[in-house]
Amino acid sequence: MFDRRKFLQSSLFGSLGLFAGKRAMTAKPYPLVVKDNPIVISTWDTGLAANRGAWQVLGSNGKALDAVEAGVRVTEASINCCVGLGANPDRDGFVTLDACIMDDKGNCGSVGCLERIKHPISVARRVMEKTPHVMLVGIGAQQFAVAEGFPLEEQKLSDDAKRAYQEWLKKSEYKPIINVENTKGGHGPFAPARYEDGSWNHDTIGMVAMDAAGNLSGSCTTSGMGFKMRGRLGDSPIIGAGLFVDNEVGAATATGQGEDVIRICGTHTVVELMRQGLSPEAACKAAVERIVRIKGEGAKAIQVAFLALNKQGEVGAFAIQKGFSYAVRNNAGEKMVDSKSWYGYGSTRS
Ligand code: SD4
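Quick caveat: nothing in here was measured; it's all calculated off a predicted structure.

Asks: Explain the environment of E115 residue by residue, including any values.
Replies: Tracing the backbone through its elements, the reader meets E115 in the loop between β4 (108-114) and α5 (120-130). Considering only alpha carbons, one finds E115 and E153, 38 residues apart in sequence, at a separation of 8.7 Å. Among residues more than four places away in sequence, those in contact with E115 are F94, V95, T96, Q142, L152 and R230. Among the polar contacts made by the side chain of E115, one reaches the side chain of R230 at a distance of 2.7 Å.

Asks: Please set out the pairing of strand β12 (residues 325-330) residue by residue, giving values where relevant.
Replies: Among the six residues in β12, six count as buried, and that is most of the element. Burial along β12 is two-sided: S325, A327 and R329 and Y326, V328 and N330, pointing in opposite directions, are all buried. Strand direction decides the pairing type here: strand β2 (residues 39-43) and β12, joined by five bridges, are antiparallel. Within β12, the residue paired with S42 across the bridge is A327.

Asks: Can you lay out helix α4 (residues 64-76) for me, pointing to particular residues and giving the numbers?
Replies: Taking 1.5 Å per residue, 13 residues should reach 18 Å; α4 reaches 18 Å between its end C-alpha atoms and fits that length. In this structure, the buried residues of α4 make contact with α3 (47-58), β3 (97-102), α5, β6 (204-210) and β7 (216-222).

Asks: Lay out the pattern of salt bridges with the relevant residues and their values.
Replies: In total, this model carries 21 salt bridges according to the counting rule given. Across the pair E334 and R52 runs a salt bridge, and its minimum N-O distance is 2.7 Å. Here R52 lies in helix α3 and E334 lies in strand β13 (residues 333-338), a separation of 282 residues in the sequence. The exposure class of E334 is buried, given its relative accessible area of 9%. We classify R52 as partly exposed; its relative accessible area is 30%. We note a salt bridge from D90 to R230, for which the minimum N-O separation is 2.9 Å. Of this pair, D90 sits in the loop between α4 and β3 while R230 sits in the loop between β7 and β8 (243-246); the two residues are 140 residues apart in sequence, bridging distant segments of the chain. For R230, a relative accessible area of 40% translates into the label partly exposed. Each of D66, E69, R125 and E129 takes part in salt bridges that share partners, so that together they form one network.

Asks: Give a description of unusual backbone geometry that names residues and reports values.
Replies: A positive phi angle is found at C113, which is not glycine, with a value near 55°. Within the secondary structure layout, C113 lies in strand β4. We note that R116 has phi near 65°; this positive angle belongs to a residue other than glycine.

Asks: With reference to specific residues and values, describe the sheet that holds β13.
Replies: Pairing within the open sheet is mixed, and its eight strands lie in the order β5-β4-β3-β7-β6-β2-β12-β13. Because the sheet does not close on itself, it has two edges, and the strands there are β5 (135-137) and β13. Strand-to-strand twist of the sheet, defined as the mean angle between neighbouring strand axes without regard to direction, takes the value 10°. In this sheet, β4 lies alongside β3 in antiparallel orientation, the contact comprising five bridges. Residue pairing in the sheet places C100 in a bridge with S110 of β4. Across the sheet, α5 is in contact with β3, β4, β5 and β7; its angle to β4 comes to roughly 130°.

Asks: I'd like to hear about the side chain of S122, residue by residue, with values.
Replies: Among the structural elements, S122 can be located in helix α5. By relative accessible area, which is 5% here, S122 ends up buried. Residues contacting S122, with those up to four places away along its chain left out, are E69, R73 and F150.

Asks: Run through the pairing of β4, naming residues and quoting values.
Replies: In terms of burial, β4 is a largely internal element, seven of the seven residues being buried. Bridge analysis of β4 against β5 gives three bridges, and the strand direction is parallel. Following the sheet pairing, G112 is matched in β5 by V137. One crossover worth recording links β4 to the parallel β5 by way of α5, and it is left-handed.

Asks: Can you break down the packing of helix α9 (residues 266-275) against helix α10 (residues 280-295) residue by residue, with the values?
Replies: Each packed pair of helices is defined by two parameters, the angle between the axes and the distance between the axes. For the pair α9 and α10, interaxial distance at closest approach is 8 Å and the crossing angle is 130°. Accordingly, the angle class assigned to the pair α9 and α10 is oblique. Both α9 and α10 take part in a crossing whose hand is right-handed. Touching T269, V270, L273 and M274 of α9 are P280, A283, C284, A286, A287 and R290, all from α10. Classifying every residue of the contact of α9 with α10 by side-chain character gives eight nonpolar, one polar and one charged.

The rules behind these values
Residues numbered from 1 in each chain as written. Predicted model: local features only at pLDDT ≥ 70, side-chain atom pairs only at ≥ 80, totals over all residues. Heavy atoms only, no water. Helix = DSSP H or I, 4+ residues; strand = E, 2+ residues; numbered from the N terminus. Contact = heavy atoms within 4.5 Å. Polar contact = N/O pair within 3.5 Å; in protein donor to acceptor, adjacent residues only side chain to side chain. Buried < 20%, exposed > 50% of the residue type's maximum accessible area, 1.4 Å probe, protein only. Pairing = 2+ DSSP bridges. Expected span 1.5 Å × (residues − 1). Salt bridge = Lys/Arg side-chain N within 4 Å of Asp/Glu carboxyl O. Axes fitted to C-alpha atoms, helices over the stretch in contact; angles between N-to-C directions. Right-handed = clockwise from strand over helix to strand, strands pointing away. Parallel < 35°, antiparallel > 145°, perpendicular 65-115°, else oblique. Left-handed = near helix turned anticlockwise from the far one by under 90°. Nonpolar A, V, L, I, M, F, W, Y, C, P; charged D, E, K, R; others polar.

Honestly, that's just the spatial picture; any functional story needs more than this.
Written out as structure tokens, the structure reads:
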């Protein structure tokens, strides 16, 4: 289990006194300019461990594509996490997983509504490399995975997921509110467990990386919105929504309420805005603004966050609500950064 205190004591950033606690991490200029590849960034607190997985590839001159697959596999394998086989189920009790991956040449692969497979991201990569298609879903995706040698596992709901599902069943209310930090510090209507280090579970990880050769790739994997309708796909397996990579410009990933990311082709929008010269943070903010305009008052009840990296190695993020954080790793070390948001703490407009 990741120990935040030890991390703060030992990390380069900690020893420089740049953060003394999670909230102090916001006390720095945006965007975070690193200009130093290789670099990997990923969403939420679980990104720290995932980045370490990616760094095993990037730190030894490996390719960004291999790094983003290896990185999010760490999260998929974690039974305590809301990504992977132990995650929140759909409203009928089935864990259905979505993932996608994209490389520096515009190659991409994706799986949706995949059941009983531990590493959807690796199946997405096989779709990319071994089929003429981009996306496989449901039973077909599972059959392809099994044919490719992925073991068919049993669904293993974590205790947190079991508790949250039982709680949800009491009312069976379909409230698609995700990752909005509630007043008690949790997120969503059935705030799931906290890790020992105080960080919160989230049901998605998005990661983008630039390798030593300057090439970009990205990955995104999720169990999707907890207690969703059976068959529902969010943004995470959709290229241009949950993830987009353009090796000339940059890469972006998204988390939060997928329906609203899809509505604006979120990550494709962020990358196109960076192409027009916006910094990663400004591009993420402009994409958030589009959602806020479309949703009006409804934006107050949802969370969407974008995280982006441009070809110059600049990193930026922006969220609708406070509470979104992301993990960064490069040659200088690793750290968590709190994102600015449209509403609330650290916002530019409250
Ligand atoms: C979805 N975007 O399925 C995902 C959920 C998410 O942290 O990001 N949760 O809509």
